[in-house]
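Understanding the architecture of this molecule
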Amino acid sequence: MSGHLTNEEKGILLLLARESLEKGVRGEYISPLDPAILTPVLQTEGASFVTLTVRGQLRGCIGALEPYQSLAEDVCEHALAAALHDPRFPPVTPAELPHIHIEISRLTRPQLLHYTDSDDLLSKLNPGLDGVILRDGYRRATFLPQVWAQLPEKETFLSHLCQKMGAPSDLWRKKHLEVETYQVQEFHEP
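Report on the accompanying structure. The model shown is predicted, which means the values in this text are computed figures rather than measured ones. (Residues numbered from 1 in each chain as written. Predicted model: local features only at pLDDT ≥ 70, side-chain atom pairs only at ≥ 80, totals over all residues. Heavy atoms only, no water.)

1. Remarks on the sheet that holds strand 2 (residues 57-63)
The 4 strands lie next to each other as 2-1-3-8, forming an open sheet whose pairing is antiparallel. Looking at strand neighbours, the two that pair on one side only are strand 2 and strand 8 (184-188), the edges of this open sheet. With strand direction ignored, the average angle separating the axes of adjacent strands in the sheet is 20 degrees. Taken together, the 6 bridges between strand 1 (residues 47-54) and strand 2 define a ladder with antiparallel strand orientation. Within the sheet, the bridge partner assigned to V54 lies in strand 2 and is Q57. Running over the sheet, helix 1 (residues 7-25) touches strand 1, strand 3 (100-107) and strand 8 and is turned about 125 degrees from strand 3. Where helix 3 (residues 71-84) meets the sheet, it contacts strand 1, strand 2 and strand 3, and its direction lies at approximately 35 degrees from that of strand 1. (Pairing = 2+ DSSP bridges. Helix = DSSP H or I, 4+ residues; strand = E, 2+ residues; numbered from the N terminus. Axes fitted to C-alpha atoms, helices over the stretch in contact; angles between N-to-C directions. Contact = heavy atoms within 4.5 Å.)

2. Let's talk about the sheet that holds strand 6 (residues 139-143)
Each strand in a sheet pairs with its neighbour through backbone hydrogen bonds, running either in the same direction (parallel) or in the opposite one (antiparallel). Read across the sheet, 4 strands follow the order 4-7-5-6 without closing on themselves; strand pairing throughout is antiparallel. In this open sheet, the two strands that pair with only one neighbour each are strand 4 (111-112) and strand 6. In this sheet, strand 7 (residues 178-182) lies alongside strand 5 (residues 131-136) in antiparallel orientation, the contact comprising 5 bridges. Looking across to strand 7, one finds that R135 is bridged to E178.

3. Some details on the side chain of Q69
Examined against the element boundaries, Q69 turns out to sit in the loop between strand 2 and helix 3. Among the polar contacts listed, one links the side chain of Q69 to the side chain of D74, at a separation of 3.1 Å. If sequence neighbours within four positions are ignored, Q69 has contacts with T44, E45, G46, D74 and E77. (Polar contact = N/O pair within 3.5 Å; in protein donor to acceptor, adjacent residues only side chain to side chain.)

4. Side note on unusual backbone geometry
Of note, R55 is a non-glycine position whose phi angle comes to about 50 degrees, a positive value. The topology assignment puts R55 in the loop between strand 1 and strand 2.

Set out below in C-alpha coordinates:
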(Lines give C-alpha, C1' and ligand atoms only; values in the text may rest on other atoms or scores of the structure.)
Protein backbone atom coordinates (compact mmCIF):
# COMPACT_ATOMS: atom_id res chain seq x y z
CA MET A 1 0.00 0.00 0.00
CA SER A 2 1.73 3.11 -1.20
CA GLY A 3 0.90 6.04 1.10
CA HIS A 4 -2.41 6.94 2.65
CA LEU A 5 -5.41 7.82 0.55
CA THR A 6 -6.36 11.49 0.48
CA ASN A 7 -9.83 12.56 1.60
CA GLU A 8 -10.64 13.17 -2.08
CA GLU A 9 -9.58 9.61 -3.01
CA LYS A 10 -11.63 8.16 -0.15
CA GLY A 11 -14.63 10.15 -1.35
CA ILE A 12 -14.21 8.90 -4.92
CA LEU A 13 -14.00 5.27 -3.73
CA LEU A 14 -17.10 5.66 -1.54
CA LEU A 15 -19.03 7.18 -4.46
CA LEU A 16 -17.90 4.40 -6.81
CA ALA A 17 -18.85 1.75 -4.23
CA ARG A 18 -22.28 3.34 -3.72
CA GLU A 19 -22.90 3.54 -7.47
CA SER A 20 -21.89 -0.11 -8.04
CA LEU A 21 -23.99 -1.25 -5.10
CA GLU A 22 -27.13 0.65 -6.12
CA LYS A 23 -26.96 -0.12 -9.84
CA GLY A 24 -26.12 -3.78 -9.20
CA VAL A 25 -28.93 -4.30 -6.71
CA ARG A 26 -31.39 -2.67 -9.13
CA GLY A 27 -30.08 -4.81 -12.01
CA GLU A 28 -28.93 -1.74 -13.96
CA TYR A 29 -25.92 -1.54 -16.27
CA ILE A 30 -22.71 -0.61 -14.46
CA SER A 31 -20.60 1.50 -16.80
CA PRO A 32 -16.80 1.09 -16.95
CA LEU A 33 -14.77 3.36 -14.70
CA ASP A 34 -13.83 6.75 -16.11
CA PRO A 35 -10.02 7.02 -15.84
CA ALA A 36 -10.33 10.82 -15.86
CA ILE A 37 -11.72 10.80 -12.28
CA LEU A 38 -9.14 8.33 -10.98
CA THR A 39 -5.87 9.41 -9.39
CA PRO A 40 -2.75 7.32 -10.03
CA VAL A 41 -3.17 5.69 -6.60
CA LEU A 42 -6.73 4.58 -7.46
CA GLN A 43 -5.48 3.13 -10.76
CA THR A 44 -2.70 1.17 -9.01
CA GLU A 45 -3.29 -2.46 -7.99
CA GLY A 46 -4.87 -2.65 -4.56
CA ALA A 47 -6.77 -5.04 -2.32
CA SER A 48 -9.87 -4.07 -0.39
CA PHE A 49 -12.77 -5.35 1.67
CA VAL A 50 -16.17 -3.68 1.47
CA THR A 51 -18.40 -4.06 4.51
CA LEU A 52 -22.12 -3.26 4.42
CA THR A 53 -24.09 -2.61 7.58
CA VAL A 54 -27.68 -1.69 8.40
CA ARG A 55 -28.11 0.13 11.71
CA GLY A 56 -24.72 -1.17 12.86
CA GLN A 57 -25.50 -4.82 11.99
CA LEU A 58 -23.41 -6.66 9.40
CA ARG A 59 -25.26 -7.06 6.08
CA GLY A 60 -22.40 -8.24 3.87
CA CYS A 61 -18.61 -8.22 3.64
CA ILE A 62 -16.50 -9.38 0.70
CA GLY A 63 -12.94 -8.60 -0.29
CA ALA A 64 -9.56 -9.72 -1.50
CA LEU A 65 -6.40 -10.32 0.50
CA GLU A 66 -4.01 -9.83 -2.45
CA PRO A 67 -4.23 -7.17 -5.16
CA TYR A 68 -5.09 -8.33 -8.68
CA GLN A 69 -6.75 -5.24 -10.22
CA SER A 70 -6.82 -1.48 -9.68
CA LEU A 71 -7.96 -0.33 -6.25
CA ALA A 72 -10.96 1.45 -7.80
CA GLU A 73 -12.05 -1.70 -9.68
CA ASP A 74 -11.49 -3.79 -6.55
CA VAL A 75 -13.75 -1.57 -4.45
CA CYS A 76 -16.50 -1.58 -7.10
CA GLU A 77 -16.36 -5.37 -7.48
CA HIS A 78 -16.46 -6.01 -3.75
CA ALA A 79 -19.25 -3.51 -3.04
CA LEU A 80 -21.43 -5.39 -5.51
CA ALA A 81 -20.31 -8.80 -4.23
CA ALA A 82 -20.97 -7.83 -0.59
CA ALA A 83 -24.52 -6.86 -1.57
CA LEU A 84 -25.38 -9.82 -3.77
CA HIS A 85 -22.98 -12.70 -3.10
CA ASP A 86 -22.10 -12.91 0.61
CA PRO A 87 -23.23 -16.49 1.35
CA ARG A 88 -24.17 -15.56 4.93
CA PHE A 89 -26.99 -13.26 3.79
CA PRO A 90 -29.74 -13.04 1.20
CA PRO A 91 -29.05 -10.50 -1.56
CA VAL A 92 -29.64 -6.84 -0.66
CA THR A 93 -32.99 -5.61 -2.00
CA PRO A 94 -33.69 -2.20 -3.55
CA ALA A 95 -35.82 -1.32 -0.51
CA GLU A 96 -32.77 -1.75 1.74
CA LEU A 97 -30.51 0.61 -0.23
CA PRO A 98 -31.28 3.81 1.74
CA HIS A 99 -30.36 1.98 4.97
CA ILE A 100 -27.07 0.44 3.78
CA HIS A 101 -23.90 2.00 5.19
CA ILE A 102 -20.63 1.37 3.31
CA GLU A 103 -17.21 0.88 4.92
CA ILE A 104 -14.07 0.32 2.85
CA SER A 105 -10.84 -1.23 4.11
CA ARG A 106 -7.74 -0.86 1.91
CA LEU A 107 -5.27 -3.63 2.80
CA THR A 108 -1.51 -3.77 2.94
CA ARG A 109 0.06 -6.93 1.51
CA PRO A 110 -0.14 -9.78 4.04
CA GLN A 111 3.16 -10.66 5.76
CA LEU A 112 4.01 -14.08 7.12
CA LEU A 113 4.18 -14.04 10.92
CA HIS A 114 7.00 -16.23 12.22
CA TYR A 115 6.30 -17.72 15.65
CA THR A 116 7.46 -20.72 17.68
CA ASP A 117 4.38 -21.74 19.69
CA SER A 118 0.94 -20.50 20.72
CA ASP A 119 2.33 -18.22 23.47
CA ASP A 120 4.77 -16.65 21.01
CA LEU A 121 1.91 -16.17 18.52
CA LEU A 122 -0.14 -14.35 21.16
CA SER A 123 2.80 -12.10 22.03
CA LYS A 124 3.25 -11.05 18.39
CA LEU A 125 -0.33 -10.03 17.63
CA ASN A 126 -1.29 -6.35 17.77
CA PRO A 127 -5.00 -6.00 18.67
CA GLY A 128 -6.78 -3.26 16.80
CA LEU A 129 -3.94 -2.96 14.30
CA ASP A 130 -3.43 -6.40 12.73
CA GLY A 131 -5.78 -8.14 10.38
CA VAL A 132 -5.05 -11.85 10.74
CA ILE A 133 -5.17 -14.69 8.20
CA LEU A 134 -5.06 -18.28 9.45
CA ARG A 135 -4.28 -21.11 7.04
CA ASP A 136 -4.48 -24.84 7.64
CA GLY A 137 -3.99 -26.73 4.38
CA TYR A 138 -6.74 -25.67 2.00
CA ARG A 139 -8.74 -23.91 4.74
CA ARG A 140 -8.27 -20.20 5.27
CA ALA A 141 -10.04 -17.41 7.13
CA THR A 142 -9.38 -13.78 7.98
CA PHE A 143 -10.61 -11.13 10.36
CA LEU A 144 -10.09 -7.47 9.54
CA PRO A 145 -8.47 -5.37 12.30
CA GLN A 146 -11.91 -3.89 13.07
CA VAL A 147 -13.02 -7.28 14.47
CA TRP A 148 -10.77 -6.70 17.50
CA ALA A 149 -13.47 -4.24 18.70
CA GLN A 150 -15.87 -7.20 19.17
CA LEU A 151 -13.19 -9.77 20.15
CA PRO A 152 -10.50 -7.84 22.08
CA GLU A 153 -8.91 -10.87 23.78
CA LYS A 154 -6.23 -12.48 21.60
CA GLU A 155 -7.24 -16.03 22.57
CA THR A 156 -10.91 -15.39 21.77
CA PHE A 157 -10.01 -13.66 18.49
CA LEU A 158 -7.95 -16.66 17.32
CA SER A 159 -10.54 -19.18 18.51
CA HIS A 160 -13.32 -17.44 16.57
CA LEU A 161 -11.05 -17.21 13.53
CA CYS A 162 -10.44 -20.98 13.70
CA GLN A 163 -14.19 -21.54 13.82
CA LYS A 164 -14.68 -19.24 10.83
CA MET A 165 -12.11 -21.40 9.01
CA GLY A 166 -14.22 -24.48 9.82
CA ALA A 167 -11.73 -25.86 12.34
CA PRO A 168 -11.96 -26.58 16.08
CA SER A 169 -11.65 -23.36 18.07
CA ASP A 170 -8.47 -24.51 19.82
CA LEU A 171 -6.60 -25.58 16.66
CA TRP A 172 -4.29 -22.54 16.93
CA ARG A 173 -3.07 -23.91 20.29
CA LYS A 174 -2.59 -27.52 19.12
CA LYS A 175 -1.13 -27.09 15.64
CA HIS A 176 1.36 -24.73 14.01
CA LEU A 177 -0.80 -22.86 11.50
CA GLU A 178 0.37 -20.52 8.78
CA VAL A 179 -0.37 -17.02 10.09
CA GLU A 180 -0.19 -13.78 8.14
CA THR A 181 -0.95 -10.26 9.27
CA TYR A 182 -1.86 -7.08 7.41
CA GLN A 183 -3.06 -3.59 8.25
CA VAL A 184 -5.84 -1.50 6.73
CA GLN A 185 -6.76 2.06 6.02
CA GLU A 186 -10.46 2.08 6.92
CA PHE A 187 -13.00 4.75 6.01
CA HIS A 188 -16.78 4.87 5.64
CA GLU A 189 -19.73 6.91 4.55
CA PRO A 190 -20.66 9.78 6.89
